[in-house]
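Observations on the three-dimensional arrangement
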Amino acid sequence: MTFQIAMGPRERKSPYFNRTVADGVTHMTIYNQMYMPVSYGDTAAEYNRLLEGVAMWDVAAQRQVEIIGPDAERFVRYLTPRDLKGLEIGRGKYVPICDHGGRLLNDPVLLRLEEHKFWFSIADSDMLLWVRAIANERGYEVAVHEPDVSPMAIQGPKAVEVVADLFGDWVRDLKHFWFKQTEIEGIPLVVARSGWSKQGGYELYLCDGTRGAALWDMVKEAGTPFDIGPGAPNYIERVESGLLSFSADTLPDSSPFEFGLGRMIDLDRDDEFVGKQALTRIAEEGPERKLVGIVFDGDPVTFNEHPWVARVDGSIAGTVRAVCHSPRRQSNIGLALLESRFSDLGTKLEFKGEGRSFKGEVVPEPLVEPGTPMPQPGK
Ligand code: THG
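First, a word on scope: everything that follows refers to the structure included in this document. Bear in mind the structure is a predicted one, so any value in this text is a computation, not a measurement.

**Examining a nonpolar patch on the surface**
There is a patch of nonpolar side chains on the surface, built from Phe-3, Ile-5 and Ile-30 and spanning about 330 Å² of accessible area. Examined against the element boundaries, Ile-30 turns out to sit in strand β1 (residues 27–31).

**What about the site of the ligand?**
Taken together, 18 residues lie near the ligand, and Gln-62, Ser-121, Lys-198, Glu-203 and Tyr-205 sit nearest. One of the backbone nitrogen or oxygen atoms of Ile-122 is found 3.3 Å away from a nitrogen atom of the ligand. Between the ligand and Arg-263, the relevant distance is 3.4 Å, taken from an oxygen atom to a side-chain nitrogen or oxygen of the residue. Expressed as a share of its isolated accessible area of 650 Å², the protein-covered part of the ligand is 87%.

**Quick look at the sheet that holds strand β4 (residues 64–68)**
Taken together, the five strands give an open sheet; going across it, the order is β5-β8-β9-β4-β10, and neighbouring strands pair in antiparallel fashion. Unpaired on one side and paired on the other, β5 (92–94) and β10 (143–145) mark the two borders of the sheet. Across this sheet, the average inter-strand angle for adjacent strands is 20 degrees, counted without regard to direction. Here three bridges tie β5 to strand β8 (residues 109–114), and the two strands are oriented antiparallel to one another. Within the sheet, the bridge partner assigned to Tyr-94 lies in β8 and is Val-109. Packing against the sheet, helix α4 (residues 127–138) makes contact with β4 and β10, and its axis sits at approximately 170 degrees to β10.

**Considering the pairing of strand β14 (residues 201–206)**
Counted residue by residue, β14 has six buried out of six residues, so it is predominantly covered. Residues of β14 alternate between two faces, with Gly-201, Glu-203 and Tyr-205 on one and Tyr-202, Leu-204 and Leu-206 on the opposite face, all of them buried. With six bridges joining them, strand β11 (residues 150–155) and β14 adopt antiparallel strand pairing. Paired with Ala-153 across the strands is Glu-203, a residue of β14. Sheet topology places strand β13 (residues 187–192) next to β14; four bridges connect them, and they run antiparallel. Considered in β14, the bridge of Val-191 is made with Leu-204.

**Section: the side chain of Gln-64**
Within the element layout of this structure, Gln-64 appears in strand β4. A distance of 2.9 Å separates a polar atom in the side chain of Gln-64 from the backbone oxygen of Gln-62. Separated by 3.1 Å, the side chains of Gln-64 and Ser-121 make a polar contact. Contacts of Gln-64, omitting those with residues within four sequence positions, involve Leu-111, Trp-119, Phe-120, Ser-121, His-145, Glu-146, Pro-147, Val-149, Pro-151 and Tyr-205.

**Some words on the pattern of salt bridges**
This model, assessed by the stated rule, comprises 24 salt bridges. Glu-73 is paired through a salt bridge with Arg-112; the nearest N and O atoms lie 2.9 Å apart. You can see Glu-73 sitting in helix α3 (residues 72–79) and its partner Arg-112 sitting in strand β8, a full 39 residues away along the chain. A salt bridge links Arg-112 to Glu-115; the nearest nitrogen and oxygen atoms lie 3.6 Å apart. One connected set of salt bridges, linked through shared partners, spans Glu-73, Arg-77, Asp-83, Lys-85, Arg-112 and Glu-115.

**Structural notes on the nonpolar core**
Membership of the largest hydrophobic core comes to 66 residues, with the highest contact counts inside it found for Phe-167, Val-191, Leu-215 and Val-219. In terms of residue count, helix α5 (residues 159–167) provides more of this core than any other element does, seven residues in total.

**Let's talk about the packing of aromatic side chains**
The tally for this structure, following the rule as stated, stands at 10 aromatic pairs. With 5.9 Å between their ring centres and 45 degrees between their planes, Phe-17 and Tyr-35 make a pair best called tilted. With Phe-17 in helix α1 (residues 17–22) and Tyr-35 in strand β2 (residues 34–39), this residue pair connects regions lying 18 residues apart in the sequence. Just as Phe-17 is buried, Tyr-35 falls in that class too. Measuring from ring centre to ring centre gives 4.9 Å for Phe-75 and Tyr-140, while their planes differ by 40 degrees; the resulting arrangement is tilted. With Phe-75 in helix α3 and Tyr-140 in the loop between α4 and β10, this residue pair connects regions lying 65 residues apart in the sequence. The same class applies to Phe-75 and to Tyr-140, which are both buried. Members of the aromatic cluster, connected to one another through ring pairs, are Phe-296, Trp-308, Phe-351 and Phe-358. Taking the ring centre of Tyr-78 as reference, the NZ or CZ of Arg-138 above it sits at 4.1 Å.

Calculation rules
- Residues numbered from 1 in each chain as written.
- Predicted model: local features only at pLDDT ≥ 70, side-chain atom pairs only at ≥ 80, totals over all residues.
- Heavy atoms only, no water.
- Patch = residues over 30% accessible without salt bridge, like charges linked within 9 Å, V, L, I, M, F, W, Y side chains within 5 Å.
- Areas by Shrake-Rupley, 256 points an atom, 1.4 Å probe, with all protein chains shown as cover.
- Salt bridge = Lys/Arg side-chain N within 4 Å of Asp/Glu carboxyl O.
- Helix = DSSP H or I, 4+ residues; strand = E, 2+ residues; numbered from the N terminus.
- Near = heavy atom within 4 Å.
- Polar contact = N/O pair within 3.5 Å; in protein donor to acceptor, adjacent residues only side chain to side chain.
- Pairing = 2+ DSSP bridges.
- Axes fitted to C-alpha atoms, helices over the stretch in contact; angles between N-to-C directions.
- Contact = heavy atoms within 4.5 Å.
- Buried < 20%, exposed > 50% of the residue type's maximum accessible area, 1.4 Å probe, protein only.
- Core = buried A, V, L, I, M, F, W, Y, C linked by side-chain atoms within 4.5 Å.
- Phe/Tyr/Trp six-rings, centres within 6.5 Å; stacked < 30°, edge-to-face > 60°.
- Lys NZ or Arg CZ within 6 Å of the ring centre and 35° of its normal.

What follows is the structure, encoded as structure tokens:
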């Protein structure tokens with residue numbers, strides 16, 4: 001590659017930005033108009049640390065959309081097709097958000113902080129605009145804004161030890177997606193058991209952007225006995241585990257049914273929500289496309305810069321959205337968004353990328369079962 005992406009004031013810096021640079025970040029992406037680390041230059045070490053140790057990730061770019069006011073609960077219910085019954089204070093939930101045509105706009109984690117206060121912890125799309133517009137058009141009595149909140153993820157099997165050392169043994173009893181508001185050395189934050197990996201871990205939602213470096217240093221120090229190191233939302237592990245990456249895996253007119261999110265679309269609800277009619281129709285007709293797991297031949301691939309066109313018997317069947325070489329499956333793997341008629345298990349695919357031709361096959365997901373260990377050397 002012969003160019004670099006220029007930095008500038010349109011893109012925001014995370015409160016951890018200077019610390020990630022000091023720790024040797026080599027690759028950043030831009031997510032919600034903010035720089036977000038994707039690598040510190042050693043893909044294998046970052047993967048191994050996530051699988052067998054503990055890693056700390058600057059995921060401040062997972063911005064929050066805060067909704068406060070007497071209509072907050074009713075409004076949040078209107079925004080997502082997922083039924084929120086049982087969403088107690090202190091609990092989070094993965095909730096797709098769709099437009100009136102049933103198109104997936106984002107796939108945030110929703111946190112209920114108080115009776116009348118919620119956060120959508122968003123993926124990479126402008127939800128603040130959408131949420132505010134719907135609130136005002138519909139006359140809900142709520143205030144909508146982006147608070148000064150910046151998550152850091154601590155992921156991997158040893159994450160629990162690091163977080164327990166910092167906050168106490170109560171964190172061991174937190175259930176998946178539950179959280180607690182607390183503080184450490186005067187830094188306000190939310191400690192949640194969540195994160196974008198299947199290796200277990202926590203997210204610390206820093207609630208004071210001036211204290212990013214202080215929090216980073218504390219986590220690093222508490223993690224030293226466990227060999228903590230910097231990392232980032234892990235591309236290989238997420239393809240293996242089948243975690244959805246909004247706008248990498250999805251198309252602008254994709255419905256949630258294309259990604260197996262149908263179990264989060266509660267069409268039987270009595271109350272109205274955005275996209276109900278369209279989603280009901282799509283559920284009846286079946287989705288146009290499906291995201292499937294694939295394995296394919298050839299020497300190990302690294303990643304794809306753009307989607308690769310996939311063919312079945314010469315006909316265009318869709319696109320391969322993400323590829324990598326899986327250390328645990330010891331094969332090239334990927335996720336492909338295929339027309340439903342080409343998405344059956346066992347379907348044979350051909351595609352080109354990196355100047356090479358590949359032959360692949362649709363296989364069951366997840367590509368690697370959670371809990372699968374790393375292959376031991378020599379085996
Ligand atoms: N944490 C926080 N915010 C986020 C993410 C996160 N915002 C952006 C992005 N990630 C949102 N997307 C996801 C996708 C998947 C999951 C979480 C956020 C996830 N999924 C589990 C799974 O697929 O197995 C569980 C889903 C369920 O059954 O409810 O965890 O990571 N703060």
